[in-house]
Amino acid sequence: MKTAVVAAIIGVTAGLAAAAPASAATLDDVRARGYLQCGVHTGLFGFAEVDNNGEWAGFDVDYCRAIASAIFDDPTAVRFTPLSAAERFTALQSGAIDVLVRITTWTMTRDASLGLTFAGVNYYDGQGFLVPADAGFETAADLDGGTICVQTGTTTELNLADYFNSRGLTFTAIAVADRAEAISAFEAGRCDAFTADASNVYSARMTLATPANYEVLPEVISKEPLGPMVRIGDPQWLNIVRWTHYALLNAEELGVTQANVAEMLASPNPEIQRLLGQNGAAFGEMIGLTNDWAARIITQIGNYGEIFDRNLGAGSPLGIERGLNALWNAGGIQYGMPIR
Amino acid sequence: MALGDHAFVRRAPVAPRPPPRGVVGPLAWLRNNLFSSPANTATTILIALFLAWTVPPLIRWLFIDAAWTGDDRSVCLDGGACWAFIGAKINLILYGQYPPDERWRIVLVAALFVAGLVPLAIPRVPGKRWNVVYLLVVFPVIAFMLLTGIGIGLDKVPTDRWGGLFVTLVAAVMGIVISLPLGILLALGRRSKLPVVRWLSTAFIEFWRGVPLVAVLFMASVMLPIFLPPGVTFDKLLRAMLCIAIFYSAYMAEVVRGGLQAVPKGQYEGSMALGLSWFQQMRLVVMPQALTVVIPGIVNTFIALFKDTSLIMVIGLFDLLGMLKSATNDSDWASPSVPATAYVFAGIIYWVFCFGLSRYSVFIERRLSRGKLHR
């Protein structure tokens, strides 16, 4: 009797364990379902916002739409699942979403322990500083001896101490529990600078009464590479997400935009022909898509530069500089692997 | 020879003299109510100073400096409340991301609900039995079909597009409708003479009362999917709503148990002596008395439940508060006053609903206790 129960329990557990990785071909599931399930932030300036009509918009959101465009040629074939930080990985592990595009920092621990993997880095973030424009600070080192507002209990606070201590500089931290509180302390003049991840610093500046009176220092003092995640064990799906990212980068590099993609189909440039699947280039098929996969993405969403500009950069209220996210041949480190 | 002929006899009564100034009038009222002792005087002055310190800036912020109209953040930089933001987002706040062309379905369901609830809430209106059947059987089916679009040929609207006040109300109504009957059953179970029923009920109640709701919600949203076989996904919103309902049924059970214990033993014995079965005893004698006693407790639990629906925000669902919070992350509206405005607005909406519930409970209490209790 007892053995039977134990055997049953082992059987059930083994059954669950065997079934645990959601079915191998995510692409088939997505096709059968008719839409992509994409995990995004519950609301973050520029990355995932809900507009007045209830539609999702933003940098991460556009990545979801780009993947949907590659598969279905339809940027609306996406269901967005807003996720809190705590549940984001479980949602992906359990198969509730197909891809997680939610400002997630690529770290070794996450790669090694979650059964998930990063498909690339769509945004190189890092800790930055917001200072009053008229205070005369030009680099973070100018803040030596100053006071800095920071949110407690974050890696931001630790990075700050590491940076200053390793350079023999001194500073006084005004640590407050809440980000909004840290910003208001800064606005009230209680500290010389406010520090957080750069993308956050830009949105913090937006919530100040007069954003123009403040500027973001050019340097970042930590590495926060943010990227989309997928489950380990489905190389085809990993490739789809990864090469969607590279297609966006290559399109920008080759000057293929949403506006000119139709003319570019006839371009004599072999690199553009390979990207857009012209002249017999059959790269989409290799990852289970159609050969015009990249042309679909660019027609529906635009290239990396356009996505960046529209949601985060000069074309958005945030006005974030390209910085590290400029292409490799324009002073940044975004580098699209060659399609060939 | 009438008495009235004498000059020294008054023909009319003396006009009453006004009461002394220390007894009536505004001054006396002030003295009696605000300055009756040194301690009261000090308290009055402190409170008056506090109000003088806080109210004018609040009024300034809420009304005078507030931006009432506008299309983006530029109108909301004067330091007052940004009501223009609420105006721009009102559809989002009410309906969440429900497709704009389908919002009429929510309005229709709300109208059907009110049509069922109002006659039920007014004691004079006859036909309560059919009313209850409509509200608890017919209405949920219609509402489910209309809102999800399943079964009646309308466009399907998945729950990830539900949000705003709509979801708050759905979660609250579902929580209330499930938790009250379940709570009554659990309370009866806990007082049952059958040991297994009693133990199970007690264990259920103590388990759910012993864990925080946030932990339950996290378990349901983070852990449950890991235990379920792959491919089996169980709607996140439904999970959250069931958690709230089950959690509050444990609280409800304890409230109802308090009522059961307040019913005198003689009532149980008397109904038993009449030869009523256990169910008849409970239905006809005990429950009507027990529930009347605990109306304030029940409504208190309803109000707590209503407000706690906002906790579903932590698992990424967009109820009223979650939707407002998410809406503040619109870079077109990023400004210093937008988050504060959003929270104040959410507070006002929650207050209106909770105050309404509380007033109705007072009304029902008065009505049921009429001529029965000495107050």
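Every value quoted in this text rests on a predicted model; they were computed, and no experiment measured them.

*Asks:* Looking at this structure, how should I read the overall build of chain A?
*Replies:* Across its full length, chain A carries 13 helices and 14 strands. By the compact-globule yardstick of 20 Å for 340 residues, chain A fits well, its C-alpha radius of gyration being 23 Å. Oriented by its inertia axes, the alpha-carbon framework of chain A measures out at about 75 × 60 × 40 Å. Burial statistics for chain A: of 340 residues in total, 53% are counted as buried. Within chain A, contacts between residues at least 6 apart in sequence are counted, and of these 70% link residues at least 24 apart. Counting only carbon and sulfur atoms, one obtains 55% of the accessible surface of chain A, whose full area is about 13,900 Å². For chain A, the separation between the mean place of its 20 positive charges and that of its 37 negative charges on side chains is 9 Å.

*Asks:* In this structure, what is going on with the interface of chain B and chain A? I would like to understand it.
*Replies:* Where interface size is given, it is often the accessible area lost as the parts come together that is meant. Taken together, the contact pairs 36 residues of chain B with 35 residues of chain A. Together, the buried faces of chain B and chain A total about 2,700 Å²; carbon and sulfur atoms form 54% of this surface. At the junction of chain B with chain A, the criterion picks out two salt bridges. A salt bridge links Glu55 of chain A to Arg161 of chain B; its shortest N-O distance comes to 3.0 Å. At the boundary of chain B and chain A, one finds eleven residue pairs in polar contact (both at pLDDT 80 or more). Of all the secondary-structure elements, those providing two or more residues to the side of chain B that touches chain A are α3 (83-95), α8 (213-227) and α13 (320-327) of chain B. Residues of the side of chain B that touches chain A, tallied by class, amount to 19 nonpolar, nine polar and eight charged.

*Asks:* Honestly, the pattern of salt bridges in this entry has me stumped. Any pointers?
*Replies:* A side chain with one charge may pair with a side chain of the opposite charge, provided their charged atoms come close. Residue and element names in this part refer to chain A. Following the criterion strictly, the structure yields 15 salt bridges over all chains and no others. Arg322 serves as the salt-bridge partner of Glu252, at 2.9 Å between the closest nitrogen and oxygen. Of this pair, Glu252 sits in helix α9 (residues 235-253) while Arg322 sits in the segment after α13 (304-311), placing them 70 residues apart in sequence. Residue classification places Arg322 among the partly exposed residues on the basis of a relative accessible area of 22%. Where Asp292 meets Arg296, a salt bridge forms, and the shortest distance between an N and an O atom there is 3.4 Å. Judged by its relative accessible area of 33%, Asp292 falls in the partly exposed class.

*Asks:* Help me out: how do you make sense of the packing of helix α4 (residues 103-121) of chain B against helix α5 (residues 128-148) of chain B in this one?
*Replies:* When two helices pack together, their arrangement is given by the angle between the helix axes and by the axis-to-axis distance. Residue and element names in this part refer to chain B. Close contact between α4 and α5 brings their axes to 10 Å; oriented N to C, the two are set at 170°. The pairing of α4 with α5 is recorded here as roughly antiparallel in orientation. Of the residues in α5, those in contact with Trp104, Arg105, Ile106, Leu108, Val109, Leu112, Phe113, Gly116, Leu117, Pro119 and Leu120 of α4 are Lys128, Asn131, Val132, Tyr134, Leu135, Phe139, Ile142, Ala143, Leu146, Leu147 and Thr148. When grouped by side-chain class, the residues that make up the contact of α4 with α5 number 17 nonpolar, three polar and two charged.

*Asks:* Would you take a moment to explain the domain arrangement of chain A for this structure?
*Replies:* All names here are of chain A. One can read the domain layout of chain A as domain 1 (22-124 + 225-256 + 302-326) and domain 2 (127-222). One C-alpha centre belongs to domain 1, the other to domain 2; they are set 29 Å apart. Listed by partner, the interface residues are nine residues for domain 1 and seven residues for domain 2. Approximately 700 Å² of surface area, both sides summed, lies buried where domain 1 meets domain 2, with 73% of it carried by carbon and sulfur atoms. Here domain 1 and domain 2 share zero salt bridges between them. Applying the counting criterion to the domain 1 and domain 2 interface returns zero residue pairs in polar contact (both at pLDDT 80 or more). The class makeup of the residues in the side of domain 1 that touches domain 2 is seven nonpolar, one polar and one charged.

*Asks:* What exactly am I supposed to notice about helix α12 (residues 293-300) of chain A here?
*Replies:* Think of an α-helix as 3.6 residues a turn; residues three or four steps apart then line up on the same face. All names here are of chain A. Most of α12 sits out of view: six of its eight residues are buried. If you check which residues of α12 are buried, you get Trp293, Ala294, Ala295, Arg296, Ile297 and Ile298. The elements touched by buried residues of α12 are α3 (59-72), α9, α10 (261-264) and α11 (270-276). Immediately beyond the C-terminal end of α12, within one or two residues, lies Gly302, with a positive phi of roughly 100°.

*Asks:* Looking at this structure, how should I read helix α8 (residues 198-206) of chain A?
*Replies:* All names here are of chain A. Extensive coverage of α8 is indicated by the burial of eight of its nine residues. Within α8, the full set of buried residues consists of Ala198, Ser199, Val201, Tyr202, Ser203, Ala204, Arg205 and Met206. Elements that come into contact with the buried residues of α8 comprise β7 (123-125), β8 (127-132), α7 (179-187), β11 (193-197) and β12 (214-216).

*Asks:* What is the right way to read unusual backbone geometry from this model?
*Replies:* One can expect most non-glycine residues to show negative phi and most peptide bonds to be in trans. We note that Asp73 of chain A has phi near 60°; this positive angle belongs to a residue other than glycine. A positive phi is found at Asn279 of chain A, a non-glycine position, where the angle reads about 60°.

*Asks:* Teacher, can you tell me more about the domain arrangement of chain B here?
*Replies:* Residues and elements named next belong to chain B. In terms of domains, chain B is made up of domain 1 (89-97 + 162-368) and domain 2 (99-156). With ten residues of domain 1 at the contact, the number on the domain 2 side is eleven residues. Buried surface at the junction of domain 1 and domain 2, both sides included, amounts to about 920 Å², of which 75% is carbon and sulfur. The largest share of the area that domain 1 buries against domain 2 comes from Tyr95, Trp162 and Phe166, three residues that together contribute 46% of it. There are zero salt bridges connecting domain 1 and domain 2.

*Asks:* What should I look at first to understand the state of the cysteines in this one?
*Replies:* Disulfide: a covalent bond formed between the sulfur atoms of two cysteine residues. Tallied over the entire structure, the rule returns three disulfides over all chains. Covalent S-S linkage joins Cys149 of chain A and Cys191 of chain A, the inter-sulfur distance amounting to 1.8 Å. Looking down the S-S bond of the Cys149 of chain A and Cys191 of chain A bridge, the torsion is -95°, so its handedness is left-handed. Here Cys191 of chain A lies in the loop between α7 and β11 and Cys149 of chain A lies in strand β9 (residues 147-151), a separation of 42 residues in the sequence. Residue classification places Cys149 of chain A among the buried positions, given a relative accessible area of 0%. Overall, Cys191 of chain A belongs to the buried group, its relative accessible area being 5%. Between the sulfur of Cys76 of chain B and that of Cys82 of chain B lies a disulfide, 1.9 Å long from S to S.

*Asks:* Would you mind showing me how to read the pairing of strand β10 (residues 172-176) of chain A here?
*Replies:* Residues in a regular strand point their side chains to alternate faces of the sheet. Bridging between β9 of chain A and β10 of chain A involves five bridges; their strand directions are parallel. The residue of β10 of chain A that forms the bridge with Cys149 of chain A is Ile174 of chain A.

*Asks:* In this structure, what is going on with a negative patch on the surface? I would like to understand it.
*Replies:* Residue and element names in this part refer to chain A. Together, Asp134, Glu138, Asp142, Asp144 and Glu215 give the surface a local cluster of negative charge. On the secondary structure map, Asp144 appears in the loop between β8 and β9. With relative accessibility at 40%, the residue Asp144 sits in the partly exposed group.

*Asks:* Please clarify how the pairing of β11 of chain A should be interpreted in this entry.
*Replies:* All names here are of chain A. The buried count for β11 comes to five of five residues, which makes it a mostly enclosed element. Here β8 runs beside β11; their pairing, made up of four bridges, is antiparallel. Paired with Phe129 across the bridge in β11 is Thr195. In terms of strand pairing, β9 meets β11 through two bridges, oriented parallel. Along β11, the bridge assignment pairs Ile148 with Ala193.

About the cut-offs
- Residues numbered from 1 in each chain as written.
- Chains lettered and ligands numbered in written order.
- Predicted model: local features only at pLDDT ≥ 70, side-chain atom pairs only at ≥ 80, totals over all residues.
- Heavy atoms only, no water.
- Helix = DSSP H or I, 4+ residues; strand = E, 2+ residues; numbered from the N terminus.
- Rg over C-alpha atoms; globule rule 2.2 N^0.38 Å.
- Buried < 20%, exposed > 50% of the residue type's maximum accessible area, 1.4 Å probe, protein only.
- Contact = heavy atoms within 4.5 Å.
- Areas by Shrake-Rupley, 256 points an atom, 1.4 Å probe, with all protein chains shown as cover.
- Lys, Arg positive; Asp, Glu negative; His and termini not counted.
- Charge placed at Lys NZ, Arg CZ, Asp CG, Glu CD.
- Buried area = accessible area lost by both parts, 1.4 Å probe.
- Salt bridge = Lys/Arg side-chain N within 4 Å of Asp/Glu carboxyl O.
- Polar contact = N/O pair within 3.5 Å; in protein donor to acceptor, adjacent residues only side chain to side chain.
- Nonpolar A, V, L, I, M, F, W, Y, C, P; charged D, E, K, R; others polar.
- Axes fitted to C-alpha atoms, helices over the stretch in contact; angles between N-to-C directions.
- Parallel < 35°, antiparallel > 145°, perpendicular 65-115°, else oblique.
- Domains from an automatic or database assignment.
- Disulfide = S-S within 2.5 Å.
- Pairing = 2+ DSSP bridges.
- Patch = residues over 30% accessible without salt bridge, like charges linked within 9 Å, V, L, I, M, F, W, Y side chains within 5 Å.

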